[in-house]
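Topology and contacts: notes
What follows is the residue order along each chain.
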Amino acid sequence: MLARRDFLIGVIGMASVRADAFPSKPIRVYVGFSAGGGADIIARAFGDVAQRFLGQPMVVINRPGASGTIAAREVALSEPDGYTLLIAGGSETACAGHFRKLPYHPIRAFTPIMRLARLGLLINVRSDAPWADVKEFVAAARKEPGKYIYASAGYGSLAHATMLLFGEAAGIVMKHLPFSGGAGGLVALRGGHVDVTVAAESESKALSEALQIRSLAVASAERSPLRPDVPTLHEAGFDVDLENQKGLVGPAGIPRNRLQFLHDALEKAFHHPDFVRRCRRLGIERAYLGPEAFGRSLSRVYSQIGHVVRRG
Amino acid sequence: MIDVLFDAVVSICQPETLLVLLLATMASLIIGATPGLTVNMAVALAVPLTMHMPLEPSLVLLLALYCSGIFGGSVSAILINAPGTPASAATVLDGYPLAQQGKAGKALKMALAASLAGGLFSVLVLVLISRTVADFALLFGPAERAALLLFALTLVGLLSGHSILKGLIAGSLGLLLSTVGLDPMLAVPRFTFGLLELEDGLSLIPVLVGLFAISEVLLQAETRMRGAIGLDLRQTHDKMLNRLSWGEISASARTIVRSSLIGTFIGILPGIGATVASFVGYGEAKRSSRQPQLFGKGSLEGVAASEAANNAVTGATLIPLLALSIPGDSVTAILYGALLIQGVTPGPLLFQTGLGLVYEIYVALIAANLFMAGVGLAFLPLFRHVTRAPARVLFPIVFVLSVVGAWSVRNNAFDLYVMMGFGALGYVLRRVEVPLAPLLIAFILGVPFEQALRQALVSSDGSPAVFLSRPLSAALIVVTVASLAWMAWRNRKESTA
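Since the model is a prediction, treat every value here as computed from it, not as a measurement.

1. What about the environment of Leu61(B)?
- Secondary-structure assignment places Leu61(B) in helix H4 (residues 55-80).
- Spatially, the C-alpha atom of Leu61(B) lies 9.4 Å from that of Val47(B), the residues being 14 residues apart in sequence.

2. What to know about the interface of chain A and chain B
- At the junction of the two partners, chain A supplies 42 residues and chain B supplies 48 residues.
- Interface area lost by chain A to chain B is led by Val187(A), His193(A) and Arg281(A), which between them contribute 15%.
- Between Glu199(B) and Arg100(A) there is a salt bridge; the shortest N-O distance is 2.9 Å.
- In this assembly, chain A and chain B are joined by twelve residue pairs in polar contact (both at pLDDT 80 or more).
- Among the secondary structure elements, those contributing two or more residues to the side of chain A that touches chain B are helix H2 (38-54), helix H3 (69-76), strand E7 (175-178), helix H8 (182-190), helix H9 (201-209) and helix H11 (273-282) of chain A.
- Residue contributions to the side of chain A that touches chain B peak at six residues, all from H9(A).

3. Focus on the pairing of strand E2 (residues 58-62) of chain A
Residues and elements named next belong to chain A.
- The buried count for E2 comes to four of five residues, which makes it a mostly enclosed element.
- Bridge count for strand E1 (residues 27-31) against E2 is five bridges, and the pairing is parallel. In the strand pairing of E2, Val31 is matched with Asn62.
- A crossover connection joins E1 to the parallel E2 through H2; in handedness this β-α-β unit is right-handed.

4. What about the domain arrangement of chain A?
Residues and elements named next belong to chain A.
- Here chain A is described as being made up of domain 1 (24-118 + 244-311) and domain 2 (121-218).
- Taking only C-alpha atoms, the centre of domain 1 and the centre of domain 2 are 28 Å apart.
- Taken together, the contacts link eleven residues of domain 1 with ten residues of domain 2.
- A combined buried area of about 990 Å² lies between domain 1 and domain 2, and 69% of that area is made up of carbon and sulfur atoms.
- Among the residues domain 1 hides against domain 2, the three largest losses belong to Phe99, Asn244 and Val308. Together they make up 46% of the total.
- At the junction of domain 1 and domain 2, the tally comes to zero salt bridges.

5. Regarding the confidence of the model for chain A
- With 93% of its residues at a pLDDT of 70 or more, chain A has an overall mean of 89.
- Counting interchain partners and residues more than four positions distant, the pLDDT-below-50 stretch residues 10-19 of chain A has one contact.

6. Let's talk about the packing of H4(B) against helix H14 (residues 300-316) of chain B
All names here are of chain B.
- With their axes 8 Å apart at the nearest point, H4 and H14 run at an angle of 155° to one another. By the angle class used here, H4 and H14 are roughly antiparallel. Along this stretch, H4 crosses H14, giving a crossing that reads as right-handed. Here Tyr66, Cys67, Ile70, Phe71, Ser74 and Ile78 of H4 come into contact with H14, specifically with Val303, Glu307, Asn310, Asn311, Val313 and Thr314.
- Among the residues making up the contact of H4 with H14, the classes are represented as seven nonpolar, four polar and one charged.

7. Notes on the sheet that holds strand E10 (residues 244-251) of chain A
Residues and elements named next belong to chain A.
- Strand order in the open sheet formed by six strands is E2-E1-E3-E10-E4-E11, with mixed pairing between adjacent strands. Each edge of the open sheet is held by one strand with a lone partner, namely E2 and strand E11 (285-289). Recorded for the sheet is a direction-independent mean angle of 25° between the axes of neighbouring strands.
- As defined by bridge partners, strand E3 (residues 84-88) adjoins E10 across three bridges and the pair is classed as antiparallel. The residue bridging Leu86 from the neighbouring strand is Val249, located in E10.

8. Description of the pattern of salt bridges
- In the structure shown here, the tally under the stated rule is 28 salt bridges over all chains.
- For Glu235(A), the salt bridge goes to Arg223(A), with nearest N and O atoms at 2.7 Å. Placement of the pair is Glu235(A) in the loop between strand E9 (213-218) and E10 and Arg223(A) in the loop between E9 and E10, with a sequence separation of twelve residues.
- Judged by relative accessible area, which is 44%, Glu235(A) ranks as partly exposed.
- A residue is classified by how much of its surface remains accessible, and Arg223(A), at 37% relative accessible area, is partly exposed.
- Here Arg410(B) ties to Asp415(B) by a salt bridge, and the two come within 3.1 Å at their closest N and O atoms. This pair shows no difference in class: Arg410(B) is buried, exactly as Asp415(B) is.

9. Some remarks on the side chain of Ser157(A)
All names here are of chain A.
- You can see Ser157 is positioned in the loop between strand E6 (149-152) and helix H7 (158-170).
- A relative accessible area of 13% means that Ser157 is categorised as buried.
- With sequence-adjacent residues up to four places away left out, Ser157 is seen in contact with Cys95 and Ser152.

10. Some words on the nonpolar core
- By size, the foremost hydrophobic cluster in this structure holds 168 residues, and its most contacted members are Phe46(A), Leu266(A), Val43(B), Leu202(B) and Phe279(B).
- In terms of residue count, helix H21 (residues 436-459) of chain B provides more of this core than any other element does, twelve residues in total.
- When residues of this core are assigned to domains, at least three map to each of domain 1 (24-118 + 244-311) and domain 2 (121-218) of chain A.
- Counting residues in each nonpolar core, the second largest holds 39 residues, with Leu29(B), Leu79(B), Phe379(B) and Val398(B) among its members.

11. Describing empty space enclosed by the protein
Residue and element names in this part refer to chain B.
- Tallied over the full model, the rule gives three cavities of 30 Å³ or more.
- Volume-wise, the largest cavity comes out at about 70 Å³.
- Lining the largest cavity are Leu59, Leu62, Leu63, Leu318, Leu321, Leu322, Leu335, Leu339 and Ile361.
- Sorting the residues of the lining of the largest cavity by element identifies H4, helix H15 (318-324) and helix H16 (330-341) as the ones contributing at least two each.
- A breakdown of the residues in the lining of the largest cavity according to their chemical character gives nine nonpolar, no polar and no charged.

12. Brief notes about the sheet that holds E9(A)
Residue and element names in this part refer to chain A.
- With mixed pairing, the five strands of this open sheet are ordered in space as E7-E6-E8-E5-E9. Because the sheet does not close on itself, it has two edges, and the strands there are E7 and E9. Strand-to-strand twist of the sheet, defined as the mean angle between neighbouring strand axes without regard to direction, takes the value 30°.
- Here five bridges tie strand E5 (residues 121-126) to E9, and the two strands are oriented antiparallel to one another. The residue of E9 that forms the bridge with Asn124 is Ser215.
- Docked against the sheet, H7 engages E5, E6, E7 and strand E8 (196-200), running at close to 145° with respect to E6.

13. Brief notes about unusual backbone geometry
- Cis rather than trans, the peptide bond between Phe22(A) and Pro23(A) has omega equal to -5°.
- Its place among the elements puts Pro23(A) in the loop between helix H1 (2-20) and E1.
- Here Ser67(A), not a glycine, exhibits a phi torsion of approximately 55°, which is positive.
- Classification of Ser67(A) by relative accessible area gives partly exposed; the value is 30%.
- Positive phi is not limited to glycine here, since Phe193(B) has a value of about 50°.

About the thresholds
- Residues numbered from 1 in each chain as written.
- Chains lettered and ligands numbered in written order.
- Predicted model: local features only at pLDDT ≥ 70, side-chain atom pairs only at ≥ 80, totals over all residues.
- Heavy atoms only, no water.
- Helix = DSSP H or I, 4+ residues; strand = E, 2+ residues; numbered from the N terminus.
- Contact = heavy atoms within 4.5 Å.
- Buried area = accessible area lost by both parts, 1.4 Å probe.
- Salt bridge = Lys/Arg side-chain N within 4 Å of Asp/Glu carboxyl O.
- Polar contact = N/O pair within 3.5 Å; in protein donor to acceptor, adjacent residues only side chain to side chain.
- Buried < 20%, exposed > 50% of the residue type's maximum accessible area, 1.4 Å probe, protein only.
- Pairing = 2+ DSSP bridges.
- Right-handed = clockwise from strand over helix to strand, strands pointing away.
- Domains from an automatic or database assignment.
- pLDDT = per-residue confidence, 0-100.
- Axes fitted to C-alpha atoms, helices over the stretch in contact; angles between N-to-C directions.
- Parallel < 35°, antiparallel > 145°, perpendicular 65-115°, else oblique.
- Left-handed = near helix turned anticlockwise from the far one by under 90°.
- Nonpolar A, V, L, I, M, F, W, Y, C, P; charged D, E, K, R; others polar.
- Core = buried A, V, L, I, M, F, W, Y, C linked by side-chain atoms within 4.5 Å.
- 1 Å grid on protein atoms, 1.4 Å probe; cavity = no way out; pocket = protein on both sides within 12 Å on 5 of 7 lines; lining within 4 Å.
- Points joined across faces, edges and corners; volume = space filled by probe spheres on them.

See the structure below:
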């Protein structure tokens, strides 16, 4: 009888040890955009490798809509147990909150875990445009305020925010045509219906290689290793430092030990040759930042955009 | 050139590649035929698979899923009045009446023939003159797009059936519903009630599935509750009724060619899509038909018009992708990503550095169209079995599939409420004989039209003269006015006659 009780206590004891072992069930990664999109491809390419180090499957869940804020809300309001994560760093954390009221705080609602990648935002013109560099464009735009037209992927998108920051730093006024997504703006640029289009590196790569469009500048602080020929806005003397980031965050309040475990496992996956190779193929710039640095970067981008939106 | 083509044929015609093509075509037909499950979804789900596959099988997998799904959509459109994909919504208008007359087999064969013709036509355009037509697409700025979409909106008149007033009611309702969401220029929330789920507007798939499939389920339930026998499609197995003769195909040949041209043209322009193409193709077929009175009551020509047009979009959307490196819609955006995974960047340079690959894409597309025809033909008897199922079994299945489809678009339960709401709306409208097609087309065109209109006005500093000073848009506006005048004249003639 006693032996049986001891046995039971032993079993229960073991079970509670196992319950402490994290992770004991699959980890869900929410993506705020459709399957097949940029954020989704990064999530899947990474999740595939990461689950080898997590010891549990990493399941990608697409919950697209409202510029990624539906998925962000879902994660922000979930239990901070480390099992629910989000691919963040784009519109849902950087911009959306400045243009309309969100049911979560774009920064304080999350625990940053690790940045995976960054995507440069390029300012493009037609290849036959008369401006050799961004300074010449600014000079022309200053002369005739309101004449030039730029396209973006939508009102309140990162592309729109880029042009707001650039416009303020350079002291120029332009007309804005928002499109639904990046492709519309590129078509309008090629067709001569707009003068400038902001597009991600991957979107504009093929067109600039074919010499149909020219990238005047990149909005990041440093030149992109994928497009080392394109100067930064900083180099031209305009104080803009903005990029689309992709990293993993969880809801605010994930326990320290779980955060540490997640970060360490994910960092191993980040350096794994399989992930490195996939990123090279996809034209994604791997860009690691740890929890603190990623958090600082997210809030810097957020407040910087908030600044110019409030003033504009 | 010839040897590049030959190499491409050889590399596509490997046994395992052909097996992938066969399986993908079968899967795509079934997914397409299921209301709510769309081509986009099939292609997106296949992308992770291609990460571990060599180039050629991944190419044929994606292209076959893309090409055949739209024909699959016509199967359920014809058999159960529920378009499997939005692009086959116009096929319902005549396909289902044909099925009710016991001619489902004939309608399906016509849909297949027209799909094949439209698909191959657009591939030919892609192969022969993609560079030229891609440049033509660039002429379409905001003003031209607005004028074109305005012309498409006049379809509301053509699709109204016998009561123009009811058509206009439906069209206005569609436009009104399209305003839900963030406005396309300044992102001001309209009718969102603070719900994030409504920021992108009401999603098309739940709206479509609700309007057509759910309303049909409700109507069938009502018929049964009244003790009537309800739908009986068993006569569909009459062999004579279901033969499609060469005469019938050649009678629709002009329609098929016209629709193929319309579909290809619309497919080249980014962001308009197969649904609009099929409605425009249908409307134009009705306008120039010798028997316009048959449209909406079971015209084979109507089925051909819609199906040739929507399949012609499939090849055409690849034109901006390959010639300009610009994905024109969400499926081609997914294809673009999938090609990147394979280490291929679609774009003008590909014609110089990767001609072999370009040819492989061409061959894969042609093969996908041929397989669609072959598998479709083989599946026809199977599809017709659907109509043999008793209504009390069939329609609950339709209901379950609709729920699955509406859910899986965004994995969001909110869309189920939208679907049920539109199911009720569709039921009421059909009971009072308000046509659904004008509602749907106005709903689809509303946002892009508003966006183009306002973009054009921003560019011109608010001057509406921009629509007349640009030649292409002026021409389109003249066509629109002429089309309205023609409709008014015909209406008068009909009412005085």
